[in-house]
Amino acid sequence: MPADTNKTQLKSWLLLILLSLIWGSSFILIKKSLLVFSPGEVGAFRIVAAGLVMLPLAMPLLKTLNRRQVTYLSIIGMVGSFIPSFLFAKAQTQLPSSLTGVLNALTPLMVVLIGAWLFGSFISRRNALGLFIAFLGVGILVLYQTESGWDILSGINFYAFFVLAATVCYGFNVNIIKFKLAELKPLAITAISLMMVLPLASIYLFAYTQFSFKLVHVPGAWLPALYIATLGIVGTAIALLIFNTMVKLVSPVFASTVTYLIPVVAIGWGVWDGESLLPWHFVGIAAVIAGVWVGNRRPKPLKT
């Protein structure tokens, strides 16, 4: 095997691990941020931090866009960044960060489902089986909440549906990019879409929340604020650059394997932080990851 190929593979694996650590750690950062700030403050400041970092890249590109592209990028800014940031923060007020990371792994299956529903994409038997297995896992995670066992009604943790809603947003986001903005580069899409929602996030954060007051008057508030800034800058801007680099080095298929590693990192952080996972939770986690793997696994090419 050529030396250049070996170097490329090594770099790809290192980037994959780094990206898994970044995105897998985002849930524990949200959890720590919520010790001081409200879900709205966490979501808004995350967008503000990410939008400001990407603004220098977005400004020169904006004048090259037409009205149609601007409209779709505004939608992407909402469903791909703005709304999910608030949904994840709200979910983690009542949901362990480890389980949030696992539920987030449903994103690729939502992409398939929404693509088939609204954009005419083909959904295979493998996709359908993966969805079925994954949603069985979600059902276990939502319903099994206590040491005493199953509590079908009062035991339902409805906050898990905030995470599911976020994955639906991501499903719309990817399909809009794929079918409506295929001519634009991923970096341009992310930078400009974040710029579109930056004013809304800024107005909400500084005019309708107590974020500034808490920074000044709440002891130790700067550390959670740093966690949120890290979510925006590292978890959005830098992670995007890493992901785009991986896609160029190898393929989108290899890059998408990060979906299976993120829950592992999220669970590790949750256990480290003292979160307890009950026996049936492990069954649900395994089912979600297995469903995502089955639903996204590509058949081996036939030998000729």
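Please refer to the structure higher up on the page.
A short tour of the structure in this document, coming up. (Residues numbered from 1 in each chain as written. Predicted model: local features only at pLDDT ≥ 70, side-chain atom pairs only at ≥ 80, totals over all residues. Heavy atoms only, no water.)

A closer look at the nonpolar core
Residues Phe37 and Phe45 are the most contacted members of the largest nonpolar core, which totals 63 residues. Filtering out sequence-adjacent residues up to four positions away, Phe45 remains in contact with Leu205, Phe211, Ala225, Ile228 and Ala229. Residues Ile76, Ile176, Ala191 and Ala237 belong to the second largest nonpolar core, which totals 16 residues. (Core = buried A, V, L, I, M, F, W, Y, C linked by side-chain atoms within 4.5 Å. Buried < 20%, exposed > 50% of the residue type's maximum accessible area, 1.4 Å probe, protein only. Contact = heavy atoms within 4.5 Å.)

Things to note about the packing of helix H6 (residues 107-118) against helix H8 (residues 160-180)
Two elements in contact, H6 and H8, have axes whose closest approach is 8 Å; the angle formed by their N-to-C orientations is 60°. The orientation of H6 relative to H8 falls into the category oblique. Pair H6 / H8 crosses with right-handed handedness. Taken together, the residues of H8 that come into contact with H6 (itself represented by Thr107, Met110, Val111, Ile114, Gly115, Trp117 and Leu118) are Thr167, Val168, Tyr170, Gly171, Phe172, Val174 and Asn175. When grouped by side-chain class, the residues that make up the contact of H6 with H8 number nine nonpolar, five polar and no charged. (Axes fitted to C-alpha atoms, helices over the stretch in contact; angles between N-to-C directions. Helix = DSSP H or I, 4+ residues; strand = E, 2+ residues; numbered from the N terminus. Parallel < 35°, antiparallel > 145°, perpendicular 65-115°, else oblique. Left-handed = near helix turned anticlockwise from the far one by under 90°. Nonpolar A, V, L, I, M, F, W, Y, C, P; charged D, E, K, R; others polar.)

Focus on the environment of Ile114
Mapped onto the elements of the fold, Ile114 is located in helix H6. You can call Ile114 buried: its relative accessible area is 5%. Between the alpha carbons of Ile114 and Asn173 there is a distance of 9.9 Å; along the sequence they are 59 residues apart.

Brief notes about the packing of aromatic side chains
According to the stated counting rule, one finds eleven aromatic pairs in the structure shown. Pairing Phe158 with Phe161 gives two aromatic rings, centres 6.0 Å apart and planes at 35°, and the pair type is tilted. Both rings, one in Tyr159 and one in Phe162, keep their centres 5.5 Å apart while their planes meet at 50°; by these two values the pair is tilted. Tyr159 gets classed as partly exposed once you look at its relative accessible area, which sits at 26%. (Phe/Tyr/Trp six-rings, centres within 6.5 Å; stacked < 30°, edge-to-face > 60°.)

Here's the deal with the pattern of salt bridges
Across all of its chains, the model carries five salt bridges by this definition. In this structure, Lys31 and Asp273 form a salt bridge, with 2.6 Å as the shortest nitrogen-oxygen distance. Residue Lys31 is located in helix H2 (residues 26-33), and its partner Asp273 is located in the loop between helix H13 (258-272) and helix H14 (279-296); the two are separated by 242 residues in the primary sequence. A residue is classified by how much of its surface remains accessible, and Lys31, at 24% relative accessible area, is partly exposed. (Salt bridge = Lys/Arg side-chain N within 4 Å of Asp/Glu carboxyl O.)

Section: the environment of Leu143
Here Leu143 is to be found in helix H7 (residues 125-143). Residue class for Leu143 comes out partly exposed when judged on its relative accessible area of 23%. Along the backbone, Leu143 and His281 are 138 residues apart, and their C-alpha atoms lie at a distance of 9.8 Å.

Here's the deal with the side chain of Ser33
Looking at the element boundaries, Ser33 is found in helix H2. Ser33 gets classed as buried once you look at its relative accessible area, which sits at 0%. With sequence-adjacent residues up to four places away left out, Ser33 is seen in contact with Val42, Pro224, Tyr227 and Ile228.

Let's talk about H6
Note on helix geometry: an α-helix contains 3.6 residues per turn, so any two residues three or four positions apart are oriented the same way. Along its twelve residues, H6 runs 16 Å from first to last C-alpha, staying within 8% of the 16 Å computed at 1.5 Å per residue. Listed in full, the buried residues belonging to H6 are Thr107, Pro108, Leu109, Met110, Val111, Val112, Ile114 and Gly115. Two residues or fewer after H6 comes Gly120, characterised by a positive phi angle close to 75°. (Expected span 1.5 Å × (residues − 1).)

Notes on the packing of helix H4 (residues 67-91) against helix H9 (residues 186-208)
One can describe the packing of H4 onto H9 by two numbers: an axis separation of 8 Å at closest approach and a directional angle of 60°. The angle between the axes of H4 and H9 places the two elements in the oblique class. Handedness of the H4/H9 crossing: right-handed. Residues Val70, Leu73, Ser74, Ile76, Gly77, Met78, Ser81, Phe82 and Phe86 of H4 pack against Ile189, Ile192, Ser193, Leu194, Met196, Val197, Leu200, Ala201 and Tyr204 of H9.

Nothing here speaks to function; it is all geometry.
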